[in-house]
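# Descriptive structure summary
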There are 2 protein chains.
Amino acid sequence: MRSKKRTTIYDIAEKLNLNPSSVSRALNNSSSVNDATKKLILKTAKELNYTRNTLASNLRKGHSKTIGVVVPRINQNFFSNVIAGIEDATYKQGYNLIICQSNEQYEKEVQCVNTLINQHVDCIVISVSVETTAHDHLQNVLDHGIQLIQFDRVVDELETLKVTNDNEQSSFDAVSHMITQGYKRIALLEGPQKLNIFRQRKTGYLRALKEHGIAPIADLMIENAWTKELSAAATRQLLSLPEPPDAIFASTSDFSALGVLEVATIMQIKVPQQLGICGYANENFTEITSPSITTIDQFSFYMGKTVANLYFQEMENTDTVVVPKVISIKPKLITRASTTRE
Amino acid sequence: MRSKKRTTIYDIAEKLNLNPSSVSRALNNSSSVNDATKKLILKTAKELNYTRNTLASNLRKGHSKTIGVVVPRINQNFFSNVIAGIEDATYKQGYNLIICQSNEQYEKEVQCVNTLINQHVDCIVISVSVETTAHDHLQNVLDHGIQLIQFDRVVDELETLKVTNDNEQSSFDAVSHMITQGYKRIALLEGPQKLNIFRQRKTGYLRALKEHGIAPIADLMIENAWTKELSAAATRQLLSLPEPPDAIFASTSDFSALGVLEVATIMQIKVPQQLGICGYANENFTEITSPSITTIDQFSFYMGKTVANLYFQEMENTDTVVVPKVISIKPKLITRASTTRE
DNA sequence: TTGTAAGCGTTATCAT
DNA sequence: ATGATAACGCTTACAA
């Protein structure tokens, strides 16, 4: 079964007493081929159940019409939405996607990237793992003349195309909103500060405090609270302080916010009256918790489309000079019950 | 930048005054090559930043070491988990994944499949769209000598490798559980009956009623309630019946169950006392709604791994005879507050 | 408009 | 152990 030989342009040519090149031309809808013969070729191609061998075609043409995508986890809402967005845009252009996941591990990320280089993909789209600090593997992509686009979690030092969220601004907006709602002691759950996105979110938090004349308090900023469990633990710690916070900004994710909410519920602390909660990412469940959780929408699907379109634009750009280009998407604060005091 | 020529085995051969074939052998770790020269070749390969052109290699070898995956939607928990599972298993074997989404449209599904055939993938893994009734495109895969594995939503008539959930049994279990909890008038929200999985779930529902001596009531079975919105509408309809149901089995998804819950909450109907609710798929939010929602776990990640391993097994099977093989995974009922009456 | 032939980068099969 | 050469299937100058 599996070894059945597939029809090639030679088979078609032979059957029609034509030259393979004519068949190729017809199949590529070249203008310089007789309409009658073209029809004939197309007809017999269909009869013989011919499908082009893209491998051969791409080898000859020197590109693969394939984009490689590396994300920490495929089955995370944000990433799968971005991928869906990329797929949506690239599909229309006849491009294929090769998806890899790093599982948040640096080693696997390197491996993924190398595989994609081997595959001679035309472009690699990546959001780095939480472990990633070195970036030789990304430089390597560039060295192979492969287009590199970073998104969301990007390595700042590397001059590549980038699509990011304006994390600082959205973080600033969220905290400002909470201050406006009358919260005075706002705690921050931070993600690993290795990652630029988490640094930015912290910066936004600090800037909001500053602009409202509130002094940051070290005890209220908890490092590495980036999972639901870690956040729950952090929350217990925060709420047992002599002067506990009256709001918590779970800047890492909605899962963290959920951890906060669960602990608050167990401790019978009223949200939003006694404690305000804000998450990040607009996961679908934030709408249906009680109370619903204020969060930040990152427009993930749109982000994916933007990444893809950025690539196509860059392709069309015939200049040999590579212009570093960064697109920043402004996330949107979604205010819900968990921070609405009246 | 982009057009930079990449190092080939010729470049290495030239530099070392060797024959390309020797280089190839060394790079493939062939035993019939001098250890010293092998070392030398590997060293200069690294120096010249060589990476194998998989396109050429695969063309020569006659396969692509690539598996194509077609799903209705990438960004749905169930599917992204399955994909993650497939990726996890195939990655270790040096395989790549090409992901496509049909967006639940038949036309796009056909297009996806054809692209994958063009790509000369070694295997196509598919879960068909809700629109799919014809299956010429799948037959076509077989005709090209490409391995085809269906999962979850499968076309029964087509004899291929399959990995399915035992939908009927899990559905039976869910309804039996509800009956045990004292629910007497259990309504069913059905998915499109074109899809085998939804037919099976209905069958399981009917069998459970029968075994417990309950006669099915036509008014309590609502067709095509397979989104949150449709389910909400269906729920309003059901609850306004002269004799409304005392439980609703949202057999299509947890999103449907959510629709039910929201309407019940609005109508101030107490769950689970006045109305029991059961969903399907164990989406992460089912745990955190109030009340939490009873649902069915499909072991999606494991399902993906199973699909991948099925392929590898089949590969090793050197018999020319193709043995149709179907693996059924037994889902697990997760009972939660929404159906727990005491 | 069609045919000829070279080449994309590998690998497999010879021969040396 | 290494070299020469053909072939995988397609595209594209160039020639006719």
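So, how was this worked out
- Residue numbers here run from 1 along each chain, matching the order of that chain's written sequence.
- By the order in which they are written, chains take letters starting at A while ligands take numbers starting at 1.
- It should be noted that, the model being predicted, local features are given only for residues of pLDDT at least 70 and side-chain atom pairs only at 80 or more, the latter also being counted only at that level, while totals for whole chains, interfaces and linings use all residues.
- Side-chain calculation: all heavy atoms of the structure are included, whereas hydrogens and water are not.
- Planes of paired rings set the category: under 30 degrees apart is stacked, over 60 is edge-to-face and the rest tilted, where pairs are Phe, Tyr or Trp rings (Trp by its six-membered ring) whose centres lie within 6.5 Å.
- Helix and strand assignments come from DSSP, with helices taken as H or I runs of at least 4 residues and strands as E runs of at least 2, each series counted from the N terminus.
- Only protein chains enter the area calculation, which uses a 1.4 Å probe; residues under 20% of their type maximum are buried, those over 50% are exposed, and those in between are partly exposed.
- Whether a residue is near a molecule or strand depends on its heavy atoms: if one lies within 4 Å, it is near.
- Nitrogen and oxygen atoms within 3.5 Å of one another constitute a polar contact, given that in protein one can donate a hydrogen and the other can accept it, and given that sequence-neighbouring residues count only through two side-chain atoms.
- The nonpolar class holds Ala, Val, Leu, Ile, Met, Phe, Trp, Tyr, Cys and Pro. Asp, Glu, Lys and Arg form the charged class, and all remaining residues, Gly among them, are polar.
- The contact criterion used is simple: two residues touch if any of their non-hydrogen atoms lie within 4.5 Å.
- The buried area of a pairing is the accessible area, by a 1.4 Å probe, that goes missing from both parts when the two are put together, added over both.
- Paired strands, in this sense, are two strands between which DSSP finds at least two bridges.
- Looking down the strands as they point away from you, a crossover is right-handed if its path from the first strand over the helix to the second goes clockwise.
- Least-squares superposition of the copies uses the C-alpha atoms of those residues scoring a pLDDT of at least 70 in each of them.
- The convention used is that axes are lines fitted to C-alpha atoms, helices contributing only their stretch in contact, and that angles between N-to-C directions extend from 0 to 180 degrees.
- Note that the term roughly parallel is reserved for angles under 35 degrees, roughly antiparallel for angles over 145, roughly perpendicular for angles of 65 to 115, and oblique for everything else.
- In this context, the arc is that of the directions from the helix axis out to the C-beta atoms.

Going by what an unreviewed UniProt entry lists, chain A is known as LacI family transcriptional regulator and is assigned to Mucilaginibacter pedocola.

### Observations regarding the packing of aromatic side chains
What characterises a pair of aromatic rings is the spacing of the ring centres plus the angle enclosed by the ring planes. All names here are of chain B. Under the counting rule described, the total for this entry stands at 12 aromatic pairs over all chains. A centroid spacing of 5.3 Å and a plane angle of 70° characterise the contact between Y95 and F312, whose relative ring orientation is edge-to-face. Here Y95, found in the loop between α5 (77-91) and β2 (96-101), pairs with F312, found in helix α12 (residues 300-316); they are 217 residues apart in sequence, far enough to count as distant. Y95 sits in the buried class, given a relative accessible area of 14%.

### Some remarks on the environment of A337 of chain B
For A337 of chain B, the location among the structural elements is in the segment after β12 (332-334). Sequence separation between A337 of chain B and V271 of chain B is 66 residues, and the spatial gap between their C-alpha atoms is 8.3 Å.

### Points about the protein's contact with DNA strand C
In the region of DNA strand C, 26 residues are neighbours, and N19, S21 and R60 of chain A together with Y50 and R60 of chain B sit closest. Near the protein, within 4 Å, the atoms of DNA strand C are sugar or phosphate in 59% of cases. A distance of 2.8 Å separates a phosphate oxygen of DNA strand C from a polar atom in the side chain of S24 of chain B. Contact distances for DNA strand C include 3.4 Å between a phosphate oxygen and a side-chain N or O atom of S57 of chain B. Going through the elements one at a time, α2 (20-27) and α4 (54-61) of chain A together with α1 (9-16), α2 (20-27) and α4 (54-61) of chain B are the ones with two or more residues in the surface near DNA strand C. Here the residues of the surface near DNA strand C are counted per class, giving 7 nonpolar, 14 polar and 5 charged.

### With respect to the interface of chain B and chain A
How big an interface is tends to be stated in terms of the accessible area lost upon association of its parts. Facing the 57 residues of chain B at the interface are 58 residues of chain A. Across the chain B to chain A interface the summed buried area is about 5,500 Å²; carbon plus sulfur atoms make up 50%. Taken together, the links from chain B to chain A amount to 33 residue pairs in polar contact (both at pLDDT 80 or more). Examining the composition of the side of chain B that touches chain A, we find that 8 residues originate from one element, α5 of chain B, more than from any other. The class makeup of the residues in the side of chain B that touches chain A is 21 nonpolar, 26 polar and 10 charged.

### Examining the pairing of strand β2 (residues 96-101) of chain A
For a regular strand, side-chain orientation follows a simple rule: the groups alternate between the two sheet faces. Residues and elements named next belong to chain A. Across the 6 residues that make up β2, a large majority, 6, are buried. Residues N96, I98 and C100 of β2 are buried on one face, and the alternating residues L97, I99 and Q101, pointing to the opposite face, are buried as well. By the bridge criterion, 6 bridges tie strand β1 (residues 66-71) to β2 in an arrangement that is parallel. By the bridge assignment for β2, I67 is matched with L97. The β-α-β motif built from β1, the intervening helix α5 (residues 77-91) and the parallel element β2 has right-handed crossover chirality.

### Side note on the relation of the copies chain B and chain A
For the match of chain B to chain A, the screw axis carries a shift of 0.1 Å, the RMSD comes to 0.2 Å, and the turn is 180°. On the angle and the small slide along the axis, the relation comes out as a two-fold axis. By C-alpha distance to the rotation axis, the residue of chain B lying nearest is I98 of chain B, at 2.4 Å. By residue overlap, the copies meet face to face through one surface: 100% of the interface positions of chain B are interface positions in chain A.

### Notes on the sheet that holds strand β6 (residues 186-189) of chain B
Residue and element names in this part refer to chain B. The strand order β7-β6-β8-β9 describes an open sheet built from 4 strands, whose pairing is parallel. Strands with a single pairing partner mark the edges of an open sheet, and in this sheet they are β7 (221-222) and β9 (276-278). As paired elements, β6 and strand β8 (residues 247-250) share 4 bridges and run parallel to each other. Counted as the bridge partner of A187 is I248 from β8. With respect to the sheet, helix α8 (residues 167-180) is in contact with β6, β8 and β9, its orientation differing from that of β8 by roughly 165°. Here helix α9 (residues 196-211) sits on the sheet and contacts β6, β7 and β8; the angle it forms with β6, its principal contact strand, is near 170°.

### Here's the deal with the packing of helix α6 (residues 106-118) of chain B against helix α7 (residues 136-143) of chain B
Residue and element names in this part refer to chain B. Interaxial distance between α6 and α7 falls to 9 Å at its minimum, and their mutual angle equals 10°. Looking at the two axes, α6 sits roughly parallel to α7. Contact residues: Y106, E109, V110, V113, N114 and I117 in α6; H137, L138, N140 and V141 in α7. Grouping the amino acids of the contact of α6 with α7 by side-chain chemistry returns 6 nonpolar, 3 polar and 1 charged.

### Points about α2 of chain A
Residue and element names in this part refer to chain A. All of the buried residues along α2 are P20, S22, V23 and A26. Viewed end-on, α2 has its buried residues packed into an arc of 160°, placing them on one side of the element. Packed against the buried residues of α2 are α1 (9-16) and α3 (35-47). Phi turns positive, to about 60°, at N29, one or two residues after α2.

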